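Structural description and commentary
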Amino acid sequence: GDFSNVRIAEGFMLDSTSFDYDSITVEGPESIVGTIDCAQVTLDRSNVDKTITETVSYVLLDKDGNQVDTSELTLSADAVEVTMKIVKYKVVPLEVEFIDGGGATGADADVDIDPKSITLAGDATVLDSVNTIVLGNVDLGATDNNAVLSFDIKIPNDAKNVSGEESATVTIKIKNKRTKVIGATNIAFINTPDGFDARSITQLVQTTVRASNTEIDRIAANNLRVVADLSEYTQAGTYQVPVTIY
């Protein structure tokens, strides 16, 4: 196929071409048949914005691209049905969604995503509804001030990622916040079962605190309270108990 004169409309691209025949059978004098290199179909179209299927004639060419005279030849077909599959393409930005926590909100985060966008191809009815691709959620309560995360890029069904990138790197920097490790010693128990007493073998819980630059230095060990809920511990023994920091 020679499709050099086919002009695809803006926002669309050629996905594939196909013919109803894989080959043409030619019979005739060996001196002529022996020079044939291929059967070529030529299309000349403009502003193509949808899949087209047309029945068109073809010419026989020799290896130098010269047309072969077919007057003494018998051909298995006079024309070939050509299908050009045209799909829409769209550049779609990538983003993440934030879960506020750890003294930070989404407004505190500077985000850089690489790549910033990908190009999708597919049916217009699919792509028209896709404006962004959310890579995933970022829990700021579990994210360092300078974090580099990796996410797989998940695209909608019936769309094709023509950019080729399968993953994205997300760099997050928390603005105007600092962290400090504070040894919390105020350890308390709640919901201790009747008939039992509890005491802590752990005397110090190292706690990482994040706060604004103006507040972080005002937070000391006596500002933290470590609370262990013992409601699920009904047998005597030594346990590692999850705690909540207040």
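Below you will find a few notes about this structure. (Residues numbered from 1 in each chain as written. Predicted model: local features only at pLDDT ≥ 70, side-chain atom pairs only at ≥ 80, totals over all residues. Heavy atoms only, no water.)

1. Quick look at the sheet that holds strand β12 (residues 146–152)
- An order of β9-β14-β12 is seen for the three strands of this open sheet, with the pairing classed as antiparallel. Every other strand in the sheet has two partners, leaving β9 (109–114) and β12 as the edge strands with one partner each. Across the sheet, the mean angle separating the axes of adjacent strands is 20 degrees when strand polarity is ignored.
- Sheet topology note: the β12/strand β14 (residues 167–174) ladder contains seven bridges and is antiparallel. Looking across to β14, one finds that Ser150 is bridged to Thr169. (Pairing = 2+ DSSP bridges. Helix = DSSP H or I, 4+ residues; strand = E, 2+ residues; numbered from the N terminus. Axes fitted to C-alpha atoms, helices over the stretch in contact; angles between N-to-C directions.)

2. So, the layout of surface pockets
- Of the volumes computed, that of the largest pocket is approximately 580 Å³.
- Lining the largest pocket are 24 residues, and of these Phe189, Arg199, Ser200, Tyr239 and Val241 sit closest to its centre.
- The set of elements that each furnish at least two residues to the lining of the largest pocket consists of β16 (187–190) and β18 (226–229).
- Along the lines of polarity and charge, the residues of the lining of the largest pocket split into 15 nonpolar, seven polar and two charged.
- Put simply, the second largest pocket is a space of about 200 Å³.
- In this structure, the second largest pocket is lined by 15 residues; those nearest its centre are Asp22, Ser23, Ile24, Ala39 and Gln40.
- Secondary structure elements with two or more residues in the lining of the second largest pocket: β4 (36–48) and β6 (58–62).
- For the lining of the second largest pocket, the leading source of residues is β4, giving five residues. (1 Å grid on protein atoms, 1.4 Å probe; cavity = no way out; pocket = protein on both sides within 12 Å on 5 of 7 lines; lining within 4 Å. Points joined across faces, edges and corners; volume = space filled by probe spheres on them. Nonpolar A, V, L, I, M, F, W, Y, C, P; charged D, E, K, R; others polar.)

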